[in-house]
Amino acid sequence: MQKPKSKVAARSAARAVAPRVRAAARRPRYGQAEVREIFRRFAVQRPEPKGELEHVNAFTLLVAVVLSAQATDAGVNKATRPLFAVADTPQKMLALGEARLGDYVKTIGLWRNKTKNVLALCEALIRDHGGAVPADRDALTKLPGVGRKTANVVLNIAFGQPTLAVDTHVFRIGNRLGLAPGKTPEEVEAAFLRIIPAEYLRHAHHWLILHGRYVCKARKPECAACVIADLCKAAEKTGAIPAPLVELAPLSADGAADEPAS
Ligand code: SF4
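Described in the following lines is the structure provided in the data block. Just so we're clear, the structure is a prediction, and the values are computed from it rather than from any experiment. (Residues numbered from 1 in each chain as written. Predicted model: local features only at pLDDT ≥ 70, side-chain atom pairs only at ≥ 80, totals over all residues. Heavy atoms only, no water.)

1. A few points about the pattern of salt bridges
Side chains that carry opposite charge are capable of pairing whenever their charged atoms lie near each other. Inspection of every chain in the model, using the stated rule, returns 15 salt bridges. The closest approach of N and O atoms between D230 and R41, which form a salt bridge, is 2.6 Å. Residue D230 is located in the segment after α11 (198-214), and its partner R41 is located in helix α2 (residues 32-45); the two are separated by 189 residues in the primary sequence. Residue classification places D230 among the partly exposed residues on the basis of a relative accessible area of 31%. The partner of E54 in a salt bridge is R81, and the shortest N-O contact between them spans 2.7 Å. Of the two residues, E54 sits in the loop between α2 and α3 (58-67) while R81 sits in helix α4 (residues 73-86), which places them 27 residues apart along the sequence. (Salt bridge = Lys/Arg side-chain N within 4 Å of Asp/Glu carboxyl O. Helix = DSSP H or I, 4+ residues; strand = E, 2+ residues; numbered from the N terminus. Buried < 20%, exposed > 50% of the residue type's maximum accessible area, 1.4 Å probe, protein only.)

So, in structure tokens, the structure goes:
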């Protein structure tokens, strides 16, 4: 029978192991080939992913994203559809004034503050950018109500830049799968940007959001319907794991399988 170790011996053994444990924690959980395969499958599943916020130009996209903080895309679309029909430029939006703009967006949470932000945003766009939306993160984040996430969405969707906006879904997937762990959205963004192959960066933001919204859900991930289940190393992975994807019917943006062509 082994003698119990003294406290001193146990402490020194723990000290010897600690650097190895820390090194293991720092080691990426996925190899390059696995990461590439994950994004390849997302690309097969949704070759042309689209955001779900309705807009008609870069300006209305910017307004929609500002309005969408802590609100659903569907709720924002319901309010902005009639709004953008009458105000699709900063000048027209300003001309509405606070009361009329408020009437359009009052079904959206935090609408009073958002109304003020949108009007201040329009003033700044006209004053500093001739009424155009700048395609530059620093310039965008200087605008009222525009943070890094909003700027990244606009740069990606309106200007085709390979930015990655970290919302609640992207943050959860980065940490849950251990693909891009981080304590803040900035850390998760940086971690994803380090691992995503360049050719997949343009659409990675949409793929991750749609995957989080419709499959890898916060409370109950639908692992049995997940196209990367055999690659996923999340502790929460549950249920039967489907065979690796060979032929996969493309999904529409809402996650439903497209009808096969007749
Ligand atoms: S297997 Fe489950 S936990 Fe892993 S990515 Fe898919 S849905 Fe999420």
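Structure shown, so let's carry the discussion forward.
2. Comments concerning the packing of helix α8 (residues 148-159) against α11
At a minimum axis separation of 11 Å, α8 and α11 run at an interaxial angle of 120°. Classed by the angle they form, the pair α8 and α11 counts as oblique. Relative to α11, the crossing made by α8 is left-handed. Along the contact surface, α8 presents V153, N156 and I157, while α11 presents L201, R202, H205 and H206. Considered class by class, the residues forming the contact of α8 with α11 number 3 nonpolar, 3 polar and 1 charged. (Axes fitted to C-alpha atoms, helices over the stretch in contact; angles between N-to-C directions. Parallel < 35°, antiparallel > 145°, perpendicular 65-115°, else oblique. Left-handed = near helix turned anticlockwise from the far one by under 90°. Contact = heavy atoms within 4.5 Å. Nonpolar A, V, L, I, M, F, W, Y, C, P; charged D, E, K, R; others polar.)

3. Topic: the site of the ligand
The local shell around the ligand consists of L177, H211, C216, P221, C223, C226, I228, A229, C232, A234 and K237. Put simply, the ligand lies in the largest cavity. Residues that form the shell around the ligand fall into these classes: 9 nonpolar, 1 polar and 1 charged. (Near = heavy atom within 4 Å. 1 Å grid on protein atoms, 1.4 Å probe; cavity = no way out; pocket = protein on both sides within 12 Å on 5 of 7 lines; lining within 4 Å. Sits in = over half its atoms within 2 Å of the grid points.)

4. Describing the packing of α2 against α11
The N-to-C vectors of α2 and α11 enclose an angle of 75°; their axes lie 10 Å apart at closest approach. One finds that α2 runs roughly perpendicular with respect to α11. Residues R36, F39, R40, F42 and A43 of α2 touch α11, and the partners they reach there are E199, Y200, A204, W207, L208 and H211. The residue makeup of the contact of α2 with α11, split by class, is 7 nonpolar, 1 polar and 3 charged.

5. Things to note about empty space enclosed by the protein
Under the counting rule described, the total for this entry stands at 1 cavity of 30 Å³ or more. What lines the largest cavity is a set of 15 residues, and nearest its centre among them are C216, P221, C223, C226 and C232. Residue classes in the lining of the largest cavity are distributed as 10 nonpolar, 1 polar and 4 charged. (Points joined across faces, edges and corners; volume = space filled by probe spheres on them.)

6. Comments concerning the nonpolar core
By size, the foremost hydrophobic cluster in this structure holds 34 residues, and its most contacted members are L62, L83, M93, V118, L140, L143 and V146. Broken down by secondary-structure element, the contributors of at least two residues to this core are α3, α4, α5 (90-105), α6 (111-129) and α8. Top element by residues in this core is α3. It accounts for 8 residues. With 32 residues, the next largest nonpolar core counts F39, L177, L179 and I209 among its residues. (Core = buried A, V, L, I, M, F, W, Y, C linked by side-chain atoms within 4.5 Å.)

These values are about where atoms sit, not about what they do.
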